[in-house]
Amino acid sequence: MADRTVAVLLHPEREEALEAAVTFIETIHADGFHVQVFPEDERRVAARCPRAHVTSIGDQSVELAVVFGGDGTVLRAAEWAVPLGVPLLGVNLGHVGFLAELETSDLEALHRGVVDRRYQLEQRLVLEVRVVAPDGELAWRSFAVNEVSLEKLARERMLNVMVSVDARPLSRWGCDGVLVSTPTGSTAYAFSAGGPVVWPDVQAILVVPLSAHALFNRPMVLSPSSEVELELPLGETPGVIWCDGRRSFDVGVGYRVDVRSLPTSLTIARLSEQPFTTRLVKKFALPVNGWRRPPETRDAD
C-alpha cells in the first residue's frame with residue numbers, strides 16, 4: 001500500500017476523545033498510514049500510541065482529517081482545514097452533532113471507510129468577514145462556518161445597527177445584535193434566535209436580528225451572492241463581532257462589518273448517506289407522530 005497520511009484532531013480536554021482517537025490511530029497505523037495531530041496534542045497522543053508514528057501537522061499532504069469531539073471541535077479544526085481544502089470527518093462526543101455525525105460505536109466502520117475511501121464529500125458555504133474602520137482601512141478579517149454575530153458590549157444599552165444588502169439600505173435596528181448565518185449554522189445560534197432551519201446543501205445566507213425593537217424584525221434568507229453590511233453609526237453604542245463563537249473583535253462606532261460568501265468551501269466527509277431530515281429528527285428528538293398521543297393509546301386509559 002502506498003503511504004497515506006490522515007490528520008487526527010481531538011477535543012483538547014475530554015478523555016473519551018483521546019481514547020477514541022488512540023483506538024483509531026492504532027488501527028489505521030497498522031494499515032500503513034501516517035498520522036498527524038496538532039502540535040499541542042502530539043505529546044499526549046504519542047504517549048498512548050508508542051508504536052504509531054505520530055507527528056505534528058506540517059507541510060505533508062493530508063487526505064482527510066478525522067475529528068473526535070463535537071461540533072465545537074469541528075469548528076476548531078475548520079480554522080486549519082478550510083484554507084487547505086482538507087475534508088473533515090467528525091466523530092461526535094458532544095450532545096447535538098450536525099457536523100460531527102459518527103458516534104464512537106462506529107469506530108470499526110470509520111476505520112474501513114477511511115482505508116477504502118468509502119466516504120462522500122459535501123461542500124458547505126463559508127462566510128468571509130471584513131471589519132472596515134471609519135477611514136476605510138481594513139481593521140480585521142476572518143471567516144465563519146456557522147455564523148457571524150455582531151452583538152452589544154454594554155448590557156444596559158441596545159445596539160443601533162444599520163443593515164444593508166448589496167449596498168442598499170434595508171433597515172436600522174435597535175437590537176441586542178444581528179446574526180449572519182450559513183445554512184450549516186441554521187441549526188446553531190440562528191436556530192436559538194428564531195431563524196429558519198435550512199438544509200445544508202442549499203446555497204444561501206441568513207440574516208437574523210436578535211431581539212430587535214422594530215416592526216420589521218423577521219429572519220431573512222438571501223442569495224449566496226449577496227453581500228451584507230452591518231454598520232454602527234457614529235455617536236452610537238460600540239459592539240463586538242464573533243465568528244463561530246471562537247474569534248472576536250471589538251467593533252467601534254463608525255465601523256462597518258462586511259459579510260459575503262467565501263470562494264473556498266468547507267468540505268465535510270460522511271461515511272453514510274443519512275439524509276439531513278433523518279439527522280434533524282434524531283438530534284432534536286422530533287416527534288414524527290405528532291405531539292399528541294395516538295388514538296389507540298388514549299382509548300386504553
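Residues numbered from 1 in each chain as written. Predicted model: local features only at pLDDT ≥ 70, side-chain atom pairs only at ≥ 80, totals over all residues. Heavy atoms only, no water.

Observations concerning the pairing of strand E9 (residues 138-144)
For strand E8 (residues 127-132) and E9, the ladder comprises 6 bridges, and the chain directions are antiparallel. Its bridge partner lying in E9, Val129 is registered against Ser142. Once E8 ends, the chain turns through 5 residues before running back antiparallel as E9, passing Gly136 with a positive phi of about 90 degrees. (Pairing = 2+ DSSP bridges. Helix = DSSP H or I, 4+ residues; strand = E, 2+ residues; numbered from the N terminus.)

Concerning the environment of Ser192
Mapped onto the secondary structure, Ser192 falls in helix H5 (residues 189-192). Separated by 57 residues in sequence, Ser192 and Asp135 have C-alpha atoms that sit 35 Å apart.

Side note on unusual backbone geometry
The phi dihedral of Arg117 is positive, around 55 degrees, even though this residue is not glycine. Relative to the helices and strands, Arg117 resides in the loop between helix H4 (107-115) and strand E7 (120-124). A positive phi angle, close to 50 degrees, is found at Ala285, a residue other than glycine. One can find Ala285 in the loop between helix H6 (276-284) and helix H7 (295-299).

A word on empty space enclosed by the protein
The final tally for this structure, using the stated rule, is 2 cavities of 30 Å³ or more. Empty space within the largest cavity amounts to approximately 50 Å³. Looking at side-chain class alone, the lining of the largest cavity contains 5 nonpolar, 2 polar and 3 charged residues. Volume-wise, the second largest cavity comes out at about 30 Å³. Those elements that provide at least two residues to the lining of the second largest cavity are strand E5 (88-92), strand E6 (100-102) and strand E20 (266-270). When its residues are assigned to classes, the lining of the second largest cavity shows 5 nonpolar, 1 polar and 2 charged. (1 Å grid on protein atoms, 1.4 Å probe; cavity = no way out; pocket = protein on both sides within 12 Å on 5 of 7 lines; lining within 4 Å. Points joined across faces, edges and corners; volume = space filled by probe spheres on them. Nonpolar A, V, L, I, M, F, W, Y, C, P; charged D, E, K, R; others polar.)

Structural notes on the nonpolar core
Phe68, Leu110 and Val114 are the most contacted members of the largest nonpolar core, which totals 31 residues. Looking at this core, the elements that each hand over two or more residues are strand E1 (4-10), helix H1 (15-29), strand E2 (33-37), strand E4 (64-69), E5 and H4. The biggest single contributor to this core is H1, with 8 residues. Counting residues in each nonpolar core, the second largest holds 29 residues, with Trp140, Val161, Val178 and Ala212 among its members. (Core = buried A, V, L, I, M, F, W, Y, C linked by side-chain atoms within 4.5 Å. Buried < 20%, exposed > 50% of the residue type's maximum accessible area, 1.4 Å probe, protein only.)

Quick notes on the pattern of salt bridges
If you walk through the whole model with that rule in mind, you get 18 salt bridges. A salt bridge links Arg48 to Glu15; its shortest N-O distance comes to 3.0 Å. Here Arg48, found in helix H2 (residues 39-48), pairs with Glu15, found in helix H1; they are 33 residues apart in sequence, far enough to count as distant. On the basis of relative accessible area, Arg48 is assigned to the partly exposed category, the value being 35%. With a relative accessible area of 39%, Glu15 lands in the partly exposed category. (Salt bridge = Lys/Arg side-chain N within 4 Å of Asp/Glu carboxyl O.)

Regarding the side chain of Ser186
Structurally, Ser186 can be placed in the loop between strand E13 (177-181) and H5. With residues near it in sequence (within four places) discarded, Ser186 still touches Ser181, Phe191, Pro196, Val197, Val198 and Leu206. (Contact = heavy atoms within 4.5 Å.)

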